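Architecture and fold: a report
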Amino acid sequence: MPEEIKRIYCNNCSRETKHLILSHKKKIEFEEEGKQVVYFEEDNYYLSECMGCESITLYIESTFSGMNDEYFSNQYPPKTIRKEPKWLHRIDGDAISFKQSDKAEVFREIYIALKNNMPRLAIMGVRALLEMVMVEVIGDQGTFKKNLSKLKDEGYISKYQFQAIDKVIEAGHASMHRSYKASSSEINSIMDITENVIESIYINKINVNKINPTPRSKK
Ligand SMILES: [Zn+2]
(Lines give C-alpha, C1' and ligand atoms only; values in the text may rest on other atoms or scores of the structure.)
Protein backbone atom coordinates (compact mmCIF):
# COMPACT_ATOMS: atom_id res chain seq x y z
CA MET A 1 0.00 0.00 0.00
CA PRO A 2 1.41 3.43 -0.89
CA GLU A 3 2.16 5.81 1.95
CA GLU A 4 -0.60 8.32 2.58
CA ILE A 5 0.45 11.84 3.49
CA LYS A 6 -1.75 14.72 4.69
CA ARG A 7 -1.08 18.30 5.70
CA ILE A 8 -2.14 18.65 9.35
CA TYR A 9 -1.44 21.28 12.00
CA CYS A 10 1.34 20.12 14.35
CA ASN A 11 1.20 21.56 17.89
CA ASN A 12 4.86 20.86 18.47
CA CYS A 13 6.04 22.54 15.25
CA SER A 14 3.36 25.29 15.67
CA ARG A 15 2.43 25.12 11.98
CA GLU A 16 0.90 22.87 9.34
CA THR A 17 3.31 20.11 8.34
CA LYS A 18 3.28 16.92 6.29
CA HIS A 19 2.00 13.99 8.33
CA LEU A 20 2.38 10.32 7.55
CA ILE A 21 -0.91 8.43 8.03
CA LEU A 22 -0.15 5.44 10.24
CA SER A 23 -3.68 4.13 10.29
CA HIS A 24 -7.04 5.15 8.80
CA LYS A 25 -10.49 3.98 9.86
CA LYS A 26 -13.68 5.08 8.13
CA LYS A 27 -16.95 4.92 10.06
CA ILE A 28 -20.33 5.38 8.40
CA GLU A 29 -23.63 5.58 10.22
CA PHE A 30 -27.03 6.10 8.66
CA GLU A 31 -30.72 5.98 9.44
CA GLU A 32 -33.27 4.52 7.06
CA GLU A 33 -36.99 4.96 6.77
CA GLY A 34 -38.37 2.35 4.43
CA LYS A 35 -35.62 2.07 1.82
CA GLN A 36 -34.82 5.77 2.00
CA VAL A 37 -31.66 6.98 3.79
CA VAL A 38 -32.83 9.94 5.90
CA TYR A 39 -29.57 10.71 7.66
CA PHE A 40 -25.94 9.70 7.28
CA GLU A 41 -22.68 10.59 8.91
CA GLU A 42 -19.16 9.72 7.79
CA ASP A 43 -16.09 10.06 9.99
CA ASN A 44 -12.54 9.33 8.85
CA TYR A 45 -10.07 8.80 11.68
CA TYR A 46 -6.42 9.26 10.77
CA LEU A 47 -3.71 8.41 13.24
CA SER A 48 -0.90 10.57 11.95
CA GLU A 49 2.76 11.29 12.62
CA CYS A 50 4.44 14.64 11.90
CA MET A 51 7.23 14.02 9.38
CA GLY A 52 9.29 16.75 11.02
CA CYS A 53 9.12 16.15 14.78
CA GLU A 54 7.35 12.74 14.91
CA SER A 55 4.49 14.00 17.17
CA ILE A 56 1.29 11.98 16.96
CA THR A 57 -2.11 13.54 16.18
CA LEU A 58 -5.52 12.00 15.68
CA TYR A 59 -7.03 13.88 12.73
CA ILE A 60 -10.73 13.45 11.98
CA GLU A 61 -12.49 14.44 8.77
CA SER A 62 -16.27 14.30 8.89
CA THR A 63 -19.31 15.01 6.81
CA PHE A 64 -23.02 14.41 7.25
CA SER A 65 -26.36 14.88 5.52
CA GLY A 66 -26.81 18.39 4.21
CA MET A 67 -23.06 19.14 3.96
CA ASN A 68 -23.06 18.50 0.16
CA ASP A 69 -20.02 16.21 0.51
CA GLU A 70 -18.00 18.97 2.16
CA TYR A 71 -15.77 17.76 4.96
CA PHE A 72 -14.80 19.55 8.17
CA SER A 73 -11.92 18.53 10.37
CA ASN A 74 -11.06 18.17 14.03
CA GLN A 75 -7.94 17.03 15.78
CA TYR A 76 -6.77 15.64 19.11
CA PRO A 77 -4.90 16.94 20.99
CA PRO A 78 -6.64 20.15 19.87
CA LYS A 79 -4.70 22.96 18.18
CA THR A 80 -2.75 24.86 20.80
CA ILE A 81 -2.97 28.63 20.64
CA ARG A 82 -0.50 29.05 23.44
CA LYS A 83 2.28 26.81 24.69
CA GLU A 84 3.29 26.56 28.33
CA PRO A 85 6.55 28.37 29.01
CA LYS A 86 9.52 26.04 29.47
CA TRP A 87 10.22 27.44 32.96
CA LEU A 88 6.72 26.70 34.29
CA HIS A 89 7.77 23.68 36.36
CA ARG A 90 10.45 25.79 38.05
CA ILE A 91 8.12 28.35 39.66
CA ASP A 92 8.66 26.94 43.13
CA GLY A 93 12.29 26.03 42.68
CA ASP A 94 14.24 23.62 40.56
CA ALA A 95 13.57 20.45 42.50
CA ILE A 96 9.81 20.77 42.93
CA SER A 97 7.24 18.83 40.92
CA PHE A 98 3.90 20.16 39.62
CA LYS A 99 1.83 18.43 42.25
CA GLN A 100 3.71 20.18 45.03
CA SER A 101 3.08 23.64 43.66
CA ASP A 102 -0.44 25.13 43.67
CA LYS A 103 0.75 27.98 41.48
CA ALA A 104 2.21 25.65 38.87
CA GLU A 105 -1.02 23.63 38.86
CA VAL A 106 -3.26 26.69 38.43
CA PHE A 107 -0.89 28.00 35.77
CA ARG A 108 -1.07 24.72 33.91
CA GLU A 109 -4.87 24.65 34.13
CA ILE A 110 -4.91 28.01 32.31
CA TYR A 111 -3.12 26.43 29.32
CA ILE A 112 -5.47 23.44 29.42
CA ALA A 113 -8.44 25.84 29.27
CA LEU A 114 -6.85 27.66 26.33
CA LYS A 115 -6.19 24.39 24.50
CA ASN A 116 -9.82 23.44 24.90
CA ASN A 117 -11.20 26.76 23.68
CA MET A 118 -12.33 28.05 27.09
CA PRO A 119 -11.06 31.65 27.01
CA ARG A 120 -13.29 32.89 29.85
CA LEU A 121 -12.09 30.18 32.22
CA ALA A 122 -8.50 30.91 31.19
CA ILE A 123 -8.80 34.62 32.02
CA MET A 124 -10.49 33.88 35.35
CA GLY A 125 -7.59 31.54 36.03
CA VAL A 126 -5.09 34.30 35.26
CA ARG A 127 -6.78 36.57 37.77
CA ALA A 128 -6.76 33.84 40.44
CA LEU A 129 -3.12 33.03 39.73
CA LEU A 130 -2.00 36.66 40.01
CA GLU A 131 -3.89 36.94 43.30
CA MET A 132 -2.07 33.88 44.68
CA VAL A 133 1.27 35.25 43.55
CA MET A 134 0.73 38.69 45.07
CA VAL A 135 -0.49 37.40 48.43
CA GLU A 136 2.49 35.05 48.59
CA VAL A 137 5.04 37.71 47.73
CA ILE A 138 3.83 40.75 49.69
CA GLY A 139 1.00 39.49 51.93
CA ASP A 140 -2.66 40.35 51.58
CA GLN A 141 -3.32 44.11 51.54
CA GLY A 142 -7.10 43.66 51.31
CA THR A 143 -7.89 44.37 47.67
CA PHE A 144 -6.39 43.39 44.37
CA LYS A 145 -5.52 46.98 43.56
CA LYS A 146 -3.73 47.53 46.88
CA ASN A 147 -1.81 44.27 46.45
CA LEU A 148 -0.78 45.37 43.01
CA SER A 149 0.36 48.81 44.18
CA LYS A 150 2.45 47.26 46.94
CA LEU A 151 4.03 44.86 44.46
CA LYS A 152 5.08 47.88 42.39
CA ASP A 153 6.21 49.95 45.40
CA GLU A 154 8.42 47.10 46.59
CA GLY A 155 10.02 46.83 43.19
CA TYR A 156 8.74 43.40 42.14
CA ILE A 157 7.08 44.82 39.04
CA SER A 158 7.71 47.88 36.90
CA LYS A 159 5.29 50.74 36.32
CA TYR A 160 4.61 49.31 32.86
CA GLN A 161 3.83 45.87 34.32
CA PHE A 162 1.58 47.49 36.93
CA GLN A 163 -0.53 49.16 34.24
CA ALA A 164 -0.59 46.02 32.13
CA ILE A 165 -1.80 43.79 34.99
CA ASP A 166 -4.43 46.34 35.86
CA LYS A 167 -5.86 45.82 32.35
CA VAL A 168 -5.63 42.03 32.68
CA ILE A 169 -7.61 42.20 35.90
CA GLU A 170 -10.25 44.32 34.27
CA ALA A 171 -10.54 41.60 31.59
CA GLY A 172 -10.79 38.95 34.32
CA HIS A 173 -13.51 40.91 36.02
CA ALA A 174 -15.42 41.37 32.77
CA SER A 175 -15.10 37.61 32.06
CA MET A 176 -16.77 36.86 35.36
CA HIS A 177 -19.48 39.48 35.50
CA ARG A 178 -20.22 40.69 31.99
CA SER A 179 -19.67 37.46 30.04
CA TYR A 180 -16.90 39.19 28.13
CA LYS A 181 -14.96 36.88 25.81
CA ALA A 182 -11.42 37.95 24.97
CA SER A 183 -10.22 37.54 21.37
CA SER A 184 -7.22 35.34 20.69
CA SER A 185 -4.92 38.35 20.21
CA GLU A 186 -6.12 39.81 23.52
CA ILE A 187 -5.52 36.45 25.17
CA ASN A 188 -2.03 36.33 23.73
CA SER A 189 -1.16 39.73 25.14
CA ILE A 190 -2.74 38.88 28.52
CA MET A 191 -0.63 35.71 28.62
CA ASP A 192 2.50 37.63 27.56
CA ILE A 193 2.04 40.01 30.48
CA THR A 194 1.21 37.26 32.98
CA GLU A 195 4.18 35.10 31.96
CA ASN A 196 6.44 38.13 31.97
CA VAL A 197 5.48 39.17 35.51
CA ILE A 198 5.65 35.66 36.96
CA GLU A 199 8.96 34.97 35.29
CA SER A 200 10.42 38.18 36.67
CA ILE A 201 9.18 37.43 40.21
CA TYR A 202 10.12 33.74 40.48
CA ILE A 203 12.40 32.52 37.73
CA ASN A 204 14.78 35.46 37.54
CA LYS A 205 15.17 35.23 41.31
CA ILE A 206 16.20 31.57 41.01
CA ASN A 207 18.63 32.46 38.24
CA VAL A 208 20.15 35.32 40.24
CA ASN A 209 20.66 33.01 43.22
CA LYS A 210 22.53 30.61 40.95
CA ILE A 211 25.11 33.25 40.10
CA ASN A 212 27.58 32.84 42.88
CA PRO A 213 30.99 34.17 41.96
CA THR A 214 33.66 32.39 43.95
CA PRO A 215 36.24 34.77 45.38
CA ARG A 216 39.63 34.56 43.69
CA SER A 217 42.05 32.60 45.76
CA LYS A 218 45.25 34.32 46.74
CA LYS A 219 48.50 32.96 45.40
ZN1 LIG B 1 5.80 18.48 14.14
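Residues numbered from 1 in each chain as written. Predicted model: local features only at pLDDT ≥ 70, side-chain atom pairs only at ≥ 80, totals over all residues.

1. Section: the overall build of the protein
Scanning the protein from N- to C-terminus turns up 5 helices and 5 strands. For the protein, the succession of helices and strands along the chain, N to C, is β-β-β-β-β-α-α-α-α-α. Compactness check: the protein gives a C-alpha radius of gyration of 24 Å against a globular reference of 17 Å for 219 residues, more than 25% above the reference. With 219 residues in all, the protein has 17% of them scored as buried. (Helix = DSSP H or I, 4+ residues; strand = E, 2+ residues; numbered from the N terminus. Rg over C-alpha atoms; globule rule 2.2 N^0.38 Å. Buried ≥ 20, exposed ≤ 12 C-beta atoms within 10 Å, placed from the backbone.)

2. Considerations on the domain arrangement of the protein
Examined at the domain level, the protein breaks down into domain 1 (5-76) and domain 2 (88-210). Relative placement of domain 1 and domain 2: their C-alpha centres are 37 Å apart. (Domains from an automatic or database assignment.)

3. Focus on the nonpolar core
Core analysis: the largest hydrophobic core is formed by 23 residues, its most contacted members being I110, I123, V126, L129, L130 and I190. Every element with two or more residues in this core is listed here: α1 (102-115), α2 (119-138), α3 (144-153), α4 (159-177) and α5 (184-210). Top element by residues in this core is α2. It accounts for 7 residues. Those residues in contact with L130, other than ones at most four positions away along the chain, are I165 and T194. (Core = buried A, V, L, I, M, F, W, Y, C linked by C-beta atoms within 7 Å. Contact = placed C-beta atoms within 7 Å.)

4. Concerning α3
For α3, the set of buried residues is N147, L148 and L151. Projection of α3 onto a plane perpendicular to its axis shows the buried side chains occupying an angular sector of 95°, all on one side. For α3, exposure combined with an orientation more than 90 degrees from the buried face picks out K145 and D153. Tucked inside the fold, the buried residues of α3 contact α2 and α4. (Arc of directions from axis to C-beta.)

5. Quick notes on the pairing of strand β1 (residues 5-10)
Sheet analysis places β1 next to strand β2 (residues 15-33), joined by 6 bridges and oriented antiparallel. Along β2, the bridge assignment pairs R7 with K18. Taken together, β1 and the strand that follows it, β2, pair antiparallel across an intervening segment of 4 residues, in which S14 is found at a positive phi of about 60°. (Pairing = 2+ DSSP bridges.)

6. With respect to the packing of α2 against α3
Two numbers describe how α2 lies on α3: the axes approach to 10 Å, and their chain directions differ by 55°. Taken as axis vectors, α2 and α3 run oblique relative to one another. The way α2 lies across α3 gives a crossing that is left-handed. For the pair α2 and α3, the contacting residues are E131, M134, V135, V137 and I138 in the first and F144, N147, L148, K150 and L151 in the second. (Axes fitted to C-alpha atoms, helices over the stretch in contact; angles between N-to-C directions. Parallel < 35°, antiparallel > 145°, perpendicular 65-115°, else oblique. Left-handed = near helix turned anticlockwise from the far one by under 90°.)

7. Regarding the environment of S184
Mapping S184 onto the fold places it in helix α5. A tally of 11 C-beta atoms within 10 Å means that S184 is categorised as exposed. Each C-alpha atom, one on S184 and one on S14, is 15 Å from the other, the two residues being 170 residues apart in sequence.

8. What about the environment of A174?
Assignment of secondary structure puts A174 in helix α4. For the pair A174 and M124, spaced 50 residues apart in sequence, the C-alpha separation works out to 9.3 Å.

9. Comments concerning the packing of α2 against α4
Where α2 contacts α4, the axes come no closer than 8 Å and their chain directions differ by 130°. Of the possible angle classes, the one that applies to α2 and α4 is oblique. Note that α2 runs across α4; the crossing there is left-handed. On α4, the residues touching R120, I123, M124, V126, R127 and L130 of α2 are I165, V168, I169, A171, G172, S175 and M176. Its residues assigned to classes, the contact of α2 with α4 shows 9 nonpolar, 2 polar and 2 charged. (Nonpolar A, V, L, I, M, F, W, Y, C, P; charged D, E, K, R; others polar.)

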